[in-house]
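# Architecture and fold: a report
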Amino acid sequence: GAVCAVTDTGPARGASLGEEGHLDADGHLVCAWHGWIFDAERGVRLRTGERCLATYPVRLEGGVIYVGLEAP
């Protein structure tokens, strides 16, 4: 149920997570190329605990999602 924003590029070989990745039943982001699973809210790869994805601040106002695109 959370809204979050992460970089689109997978850390291993540059796969587009937005176009080729998916959210699993637990709401984790899965890379289609390598099967790596990420906590999208924190940008952390679940298996290793390593922060792999840049995260961006998000706010919801009146049904509109705003993403801060400044470098984290």
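Residues numbered from 1 in each chain as written. Predicted model: local features only at pLDDT ≥ 70, side-chain atom pairs only at ≥ 80, totals over all residues. Heavy atoms only, no water.

## Considering the overall build of the chain
Looking only at helices and strands, one finds one helix and eight strands in the chain. Secondary structure elements of the chain, listed N to C terminal, follow the sequence β-α-β-β-β-β-β-β-β. Here the C-alpha coordinates of the chain stretch approximately 35 × 30 × 25 Å along the principal axes. Across the 72 residues in the chain, those meeting the buried criterion constitute 25%. (Helix = DSSP H or I, 4+ residues; strand = E, 2+ residues; numbered from the N terminus. Buried < 20%, exposed > 50% of the residue type's maximum accessible area, 1.4 Å probe, protein only.)

## Side note on the packing of aromatic side chains
Under the defined criterion, the tally for this structure stands at one aromatic pair. The lysine or arginine in question, Arg45, covers the ring of Trp36, its NZ or CZ lying 3.9 Å from the ring centre. Geometry around Tyr66 places Arg59 over its ring, the cationic atom sitting 4.7 Å from the centre. (Phe/Tyr/Trp six-rings, centres within 6.5 Å; stacked < 30°, edge-to-face > 60°. Lys NZ or Arg CZ within 6 Å of the ring centre and 35° of its normal.)

## A word on the state of the cysteines
Applying the stated criterion across every chain yields a total of zero disulfides. In this structure Cys31 is a free cysteine whose sulfur lies 11 Å from that of Cys52, the closest cysteine sulfur available. (Disulfide = S-S within 2.5 Å.)

## Examining the sheet that holds strand 5 (residues 44-45)
Read across the sheet, four strands follow the order 2-3-4-5 without closing on themselves; strand pairing throughout is antiparallel. The outermost strands of the open sheet, each flanked by one partner alone, are strand 2 (22-23) and strand 5. Summarising the sheet, strand 2 and strand 3 (residues 29-30) pair through two bridges and their orientation is antiparallel. For Leu23, the partnering residue across the bridge sits in strand 3 and is Leu29. (Pairing = 2+ DSSP bridges.)

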